[in-house]
Amino acid sequence: MCPGSCGTRRDHRTGRDVELSARARIRAGDPVAFGELFDEHVSAVYRYAVRVTGDWAAAEDIVSLTFLEAWRVRERIQLEGESLRPWLFGIATNILRNASRSARRHEAALRRVPRRDLVPDFSAEVVGRLADAEELAAARAALGRLRKAEREVFALCVWAGLNYTEAAAALGVPLGTVRSRLSRARTRLRELTDAEREPSPGGGQLKGDGRANAVRSKERHA
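Residues numbered from 1 in each chain as written. Predicted model: local features only at pLDDT ≥ 70, side-chain atom pairs only at ≥ 80, totals over all residues. Heavy atoms only, no water.

**Describing helix 9 (residues 148–159)**
Then, number 1: Burial analysis of helix 9 places nine of its 12 residues in the buried class, which makes it a mostly covered element.
Then, number 2: What helix 9 keeps buried is the set E150, E152, V153, F154, A155, L156, C157, V158 and W159.
Then, number 3: Immediately beyond the C-terminal end of helix 9, within one or two residues, lies G161, with a positive phi of roughly 80 degrees. (Buried < 20%, exposed > 50% of the residue type's maximum accessible area, 1.4 Å probe, protein only. Helix = DSSP H or I, 4+ residues; strand = E, 2+ residues; numbered from the N terminus.)

**Brief notes about the confidence of the model for the protein chain**
Reading fine detail from the predicted coordinates is not recommended where pLDDT is low.
Then, number 1: Taken residue by residue, the protein chain gives an average pLDDT of 74. The fraction at 70 or more is 62%.
Then, number 2: For the protein chain, the element scoring lowest by mean pLDDT is helix 7 (residues 123–126), at 42; helix 10 (residues 164–171) scores highest, at 95.
Then, number 3: Below a pLDDT of 50 lies the segment residues 1–14, which in the model reaches one contact outside its immediate sequence neighbourhood of four places, other chains included.
Then, number 4: Across residues 214–222 the pLDDT falls below 50, and counting only partners more than four positions away or on other chains, this stretch makes 28 contacts in the model. (pLDDT = per-residue confidence, 0-100. Contact = heavy atoms within 4.5 Å.)

**Some details on the packing of helix 9 against helix 10**
A pair of packed helices can be characterised by two numbers: the angle between their axes and the separation between those axes.
Then, number 1: Two elements in contact, helix 9 and helix 10, have axes separated by 10 Å at closest approach and are oriented at 135 degrees. When the axes of helix 9 and helix 10 are compared, the pair comes out oblique. For helix 9 against helix 10, the interelement crossing comes out right-handed. Between helix 9 and helix 10, the contacting residues are E152, V153, L156 and C157 on the first element and Y164, A167, A170 and L171 on the second.
Then, number 2: The residue inventory of the contact of helix 9 with helix 10, partitioned by class, reads seven nonpolar, no polar and one charged. (Axes fitted to C-alpha atoms, helices over the stretch in contact; angles between N-to-C directions. Parallel < 35°, antiparallel > 145°, perpendicular 65-115°, else oblique. Left-handed = near helix turned anticlockwise from the far one by under 90°. Nonpolar A, V, L, I, M, F, W, Y, C, P; charged D, E, K, R; others polar.)

**Notes on the side chain of E150**
Then, number 1: Inspection of the secondary structure assignment puts E150 in helix 9.
Then, number 2: Look past the residues within four positions of E150 in its chain and what remains in contact with it is R181, R184 and A185.

**Quick look at the layout of surface pockets**
Then, number 1: Space inside the second largest pocket adds up to approximately 270 Å³.
Then, number 2: W87, G90, I91, N94 and A170 are the residues nearest the centre of the second largest pocket, which is lined by 15 residues in total.
Then, number 3: When residues of the lining of the second largest pocket are traced back to their parent elements, those giving at least two are helix 5 (85–103) and helix 10.
Then, number 4: The biggest single contributor to the lining of the second largest pocket is helix 5, with six residues.
Then, number 5: Along the lines of polarity and charge, the residues of the lining of the second largest pocket split into eight nonpolar, four polar and three charged. (1 Å grid on protein atoms, 1.4 Å probe; cavity = no way out; pocket = protein on both sides within 12 Å on 5 of 7 lines; lining within 4 Å. Points joined across faces, edges and corners; volume = space filled by probe spheres on them.)

**Focus: the environment of E166**
Then, number 1: Residue placement: E166 occurs in helix 10.
Then, number 2: Each C-alpha atom, one on E166 and one on S83, is 9.0 Å from the other, the two residues being 83 residues apart in sequence.

**Here's the deal with the packing of aromatic side chains**
Then, number 1: Considering all chains together, one arrives at five aromatic pairs under this definition.
Then, number 2: Ring geometry for Y48 versus F89: centroids 5.2 Å apart, planes at 65 degrees, classification edge-to-face. You can see Y48 sitting in helix 3 (residues 31–53) and its partner F89 sitting in helix 5, a full 41 residues away along the chain.
Then, number 3: The class of F89 is buried, set by a relative accessible area of 0%.
Then, number 4: For the ring pair F154 and W159, a centre distance of 6.4 Å and an interplane angle of 70 degrees mean the geometry is edge-to-face.
Then, number 5: Members of the aromatic cluster, connected to one another through ring pairs, are F34, F38, F67 and W71. (Phe/Tyr/Trp six-rings, centres within 6.5 Å; stacked < 30°, edge-to-face > 60°.)

This is how it looks when you write it as C-alpha cells:
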C-alpha cells in the first residue's frame with residue numbers, strides 16, 4: 001500500500017513534470033496527447049502562416065503539413081525541455097521555406113486568382129488583429145525586401161510571438177544570432193518606412209504612406 005505522501009506528490013506535480021509526460025506520450029504515438037498539442041498550438045501556427053503567406057488557403061495547407069510532419073518525426077522529440085512550441089514553429093518555418101521555393105514560378109499566376117471567401121471557423125479569432133488584405137500585402141512586400149534569415153526571425157518574434165529563446169530553438173541558431181537578425185530587420189524596416197514617407201517629386205503627398213503605416217502597424221500590434 002502506498003504511503004499517504006504518494007498522493008501528495010502526485011497532487012503537486014510541477015508544470016515541468018506534466019510537460020515531460022506529454023513529450024513522452026507524444027513520442028510514443030499517443031493520439032490523445034498529440035491532439036492536445038494540436039488544440040493548444042493550431043491557432044498560433046495558423047496565424048503565423050497567414051501572416052507569412054498572406055493567403056488563407058495556403059495557410060490552411062501549411063498548418064496541415066506542419067502537424068502531419070510533427071506526427072511523422074515525433075520520435076525525434078527530446079524528453080528534456082519545456083514547451084514544444086519552438087519545435088512546432090521550426091517545422092512550420094521549414095515547410096514555409098519549401099513552399100516559398102516551390103511557389104516562385106507560379107507567383108504571377110497566383111496573384112490573378114481571387115482570394116477565397118471561405119476561411120476556417122476559427123479564423124475570426126486568430127486573425128482578428130490582422131489589418132485588411134491590402135495592408136497585409138503591403139507589410140509582406142516590405143518584409144520581402146529583407147534577407148530571408150532576418151525575415152524569418154521577424155516573423156517568428158513579431159508575428160508569431162516567440163521570445164528570443166524560442167525563436168533560436170525553432171531556427172536552430174544561437175540566441176545572439178536571433179537578437180542581431182531581429183535588430184537588423186527592425187532597422188531595415190525603419191529605413192524602408194522613412195524612404196516611403198519622403199515627399200514625391202511631383203507633389204507634397206507622402207510616397208507609399210499607406211504601405212508605411214501598414215508596416216508600422218504590423219510591427220506595433222502583431
